[in-house]
Amino acid sequence: MKKALICGISGQDGAYLAQLLLDKGYRVCGTSRDAQMSSFENLARLGIRERVELQSMSLTDFRSVLQVLAKVEPDEVYNLAGQSSVGLSFEQPVETLESITIGTLNVLEAIRFTGGKIKLYNAGSSECFGDTGDRSADESTPFRPRSPYAVAKAAAFWEVANYREAYGLFACSGILFNHESPLRPQRFVTQKIVSAAYRIAQGSEEKLYLGNTSIKRDWGWAPEYVEAMYLMMQQEKPEDYAIATGESNTLEDFVAAAFNCVGLNWQDRVITDTSLYRPTDIAVGRGHPAKAREILGWRAKSKMEDVVRMMIEAKQAEVQNAI
Ligand code: NAP
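Keep in mind it's a predicted model, so treat the numbers as computed, not measured.

Colleague: Teacher, can you tell me more about the state of the cysteines here?
Modeller: Chemically, a disulfide is nothing more than a covalent bond linking the sulfur atoms of two cysteines. Counted according to the given criterion, the structure contains zero disulfides. Among the cysteines around Cys7, which has no disulfide bond, Cys29 carries the closest sulfur, lying 11 Å off.

Here you go:
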């Protein structure tokens, strides 16, 4: 039985990945900064809370990382932990940089220290590309990060590439474009939109305040994206892959689709609030996942409108179950 360690198992991707690996017969261990305090709500929601082993681990504390690795002795480590919000990274740049760059370095060093046999998946991000303009970004596209989060992810990407080359580690980065699901926290704009559209359809009089709705993103479905992570780790050679749908839509399209799903016109309810604009933003983000298609046999089945519909349906089911 293969053993996987998922750092950041309480998050959206951590929970879906745990479910996927359990289905594949893995023994799954997961970490949270404080496993005693975390509610692991996402794991509970997927009905797998009792099927995973949980450990406390602080990525920025080398001793803590080393201790967990020595105790769990995993075959595969998936590092999904770290400050993950682009918006918050402008307010907490040091925390963001530390949790991502020092965190990734500690995992790499701990793997090296324990003999270098453990495979590592690193959660890279399409934010590293910056504005992709009218071209789609792939593995050969240069990085032009436009937020503290993206700067940190770019550094972590090169840390992984360097340890792979220098020490022969099986270490790879998935450069994932945005992927959403009902497990997305409320602070992320997609969940904020879906929740507001649902409440308004239920009779709420509220307005939805959004920043720049003309930005374009390549939105996919999170459960499909964790499949790509798993596939990267099953290859003979560790390589980096861009994971995307290949299509981009404006945030306004996303809003319109969500309100349309609940039978409402978004223009009556949405207010643009320039105080929500980011200091620097990406106008367009779109990926070109040809390498993933060719080598991993992976392709995104769900596009933006499917993602919106599934998030709205999950919201309806959640409320009905609570009644
Ligand atoms: P998420 O839901 O925010 O989960 C990340 C986990 O990291 C959290 O559950 C949290 O676990 C831990 N964490 C949060 N802040 C931290 C901090 N300051 N220091 C250390 N740990 C912290 O993120 P996700 O959407 O599942 O994404 C997984 C990974 O993929 C992240 O690295 C993210 O940056 C990256 N990524 C995500 C997307 C996307 O569209 N979702 C796209 C590209 C890349 P505890 O609170 O339990 O410790």
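Colleague: Help me understand the packing of helix H5 (residues 93–113) against helix H6 (residues 148–167), please; the structure alone is not making it clear to me.
Modeller: The angle between the axes and the distance between the axes are what describe a pair of packed helices. Where H5 meets H6, the axes come as close as 8 Å, and the angle between the chain directions of the two elements is 15°. Classified by the angle their axes make, H5 and H6 are roughly parallel. Taken as a pair, H5 and H6 cross one another with a handedness that is right-handed. Judged by residue contacts, Pro93, Thr96, Leu97, Ile100, Thr101, Thr104, Leu105, Leu108, Glu109 and Arg112 of H5 engage Pro148, Tyr149, Ala152, Lys153, Ala155, Ala156, Glu159, Val160, Tyr163 and Tyr167 from H6. For the contact of H5 with H6, a count of residues per class yields 13 nonpolar, three polar and four charged.

Colleague: Hey, could you run me through the site of the ligand in this one?
Modeller: By nearness alone, 23 residues border the ligand, and Ser10, Ser32, Ser84, Glu95 and Tyr149 come closest of all. Within the backbone of Gly82, one N or O atom sits 3.2 Å away from an oxygen atom of the ligand. Within the side chain of Lys153, one N or O atom sits 2.9 Å away from an oxygen atom of the ligand. Burial of the ligand by the protein chains amounts to 88% of its free accessible area of 880 Å². Among the elements of the structure, helix H1 (12–23), H5, strand S5 (119–125) and H6 are those that each provide at least two residues to the shell around the ligand. In terms of residue count, the dominant contributor to the shell around the ligand is S5 (three residues). Taken together, the residues of the shell around the ligand sort by class into six nonpolar, twelve polar and five charged.

Colleague: Sorry, what's going on with the nonpolar core here?
Modeller: Soluble globular proteins: nonpolar side chains tend toward being buried together. Counting residues in hydrophobic clusters, the biggest one holds 40 residues, and the most contacted among them are Leu17, Leu21, Val28, Tyr78, Tyr121, Ile243 and Trp298. At the level of secondary structure, the elements contributing two or more residues to this core comprise strand S1 (3–7), H1, S5, strand S6 (171–176), helix H8 (222–233), strand S11 (241–243) and helix H10 (290–296). Of the residues forming this core, the biggest block, nine residues, is contributed by H8. Excluding anything up to four places from it in sequence, Tyr121 contacts Val77, Tyr78, Asn79, Leu80, Cys172, Ser173, Gly174, Leu176, Met229, Met232 and Met233. Core analysis: the second largest hydrophobic core is formed by 24 residues, Ile200, Leu208, Phe254 and Val270 among them.

Colleague: Which parts of the structure should I look at to understand empty space enclosed by the protein?
Modeller: Left-over empty space is what a probe sized like a water molecule reveals as it rolls over the atoms. Using the criterion set out here, one finds three cavities of 30 Å³ or more in the structure. The volume enclosed by the largest cavity comes to roughly 60 Å³. Taken together, the residues of the lining of the largest cavity sort by class into two nonpolar, five polar and two charged. Roughly 40 Å³ of internal volume is contained in the second largest cavity. Lining the second largest cavity we find Val86, Glu127, Arg146, Ser147, Ala150, Arg217, Arg278, Thr280, Asp281 and Ile282. Grouping the constituent residues of the lining of the second largest cavity by class yields three nonpolar, two polar and five charged.

Colleague: Where do I start with the pairing of S5 in this structure?
Modeller: Successive side chains on a regular strand alternate, one facing one side of the sheet and the next facing the other. Here S5 lies mainly inside the structure; six of its seven residues are buried. Relative to S5, strand S4 (residues 76–79) is paired through four bridges, and the arrangement is parallel. Bridging from a neighbouring strand, Val77 pairs with Leu120 of S5. Bridge count for S5 against S6 is six bridges, and the pairing is parallel. For Leu120, the partnering residue across the bridge sits in S6 and is Ala171.

Colleague: How should the environment of Gln83 be read in this particular structure?
Modeller: Along the chain, Gln83 falls in the loop between S4 and helix H4 (86–91). Residue classification places Gln83 among the buried positions, given a relative accessible area of 11%. For Gln83 and Ile100, which are 17 residues apart along the polypeptide, the C-alpha to C-alpha distance reads 7.0 Å. Excluding residues within four positions of it along the chain, Gln83 makes contact with Leu88, Ser89, Thr96, Ser99, Ile100 and Tyr149. A polar contact of 2.8 Å, which involves the side chain of Gln83, links it to the backbone nitrogen of Ser85. A distance of 3.0 Å separates polar atoms of two side chains, one belonging to Gln83 and the other to Thr96.

Rules used throughout
Residues numbered from 1 in each chain as written. Predicted model: local features only at pLDDT ≥ 70, side-chain atom pairs only at ≥ 80, totals over all residues. Heavy atoms only, no water. Disulfide = S-S within 2.5 Å. Axes fitted to C-alpha atoms, helices over the stretch in contact; angles between N-to-C directions. Helix = DSSP H or I, 4+ residues; strand = E, 2+ residues; numbered from the N terminus. Parallel < 35°, antiparallel > 145°, perpendicular 65-115°, else oblique. Left-handed = near helix turned anticlockwise from the far one by under 90°. Contact = heavy atoms within 4.5 Å. Nonpolar A, V, L, I, M, F, W, Y, C, P; charged D, E, K, R; others polar. Near = heavy atom within 4 Å. Polar contact = N/O pair within 3.5 Å; in protein donor to acceptor, adjacent residues only side chain to side chain. Areas by Shrake-Rupley, 256 points an atom, 1.4 Å probe, with all protein chains shown as cover. Core = buried A, V, L, I, M, F, W, Y, C linked by side-chain atoms within 4.5 Å. Buried < 20%, exposed > 50% of the residue type's maximum accessible area, 1.4 Å probe, protein only. 1 Å grid on protein atoms, 1.4 Å probe; cavity = no way out; pocket = protein on both sides within 12 Å on 5 of 7 lines; lining within 4 Å. Points joined across faces, edges and corners; volume = space filled by probe spheres on them. Pairing = 2+ DSSP bridges.

Nothing here speaks to function; it is all geometry.
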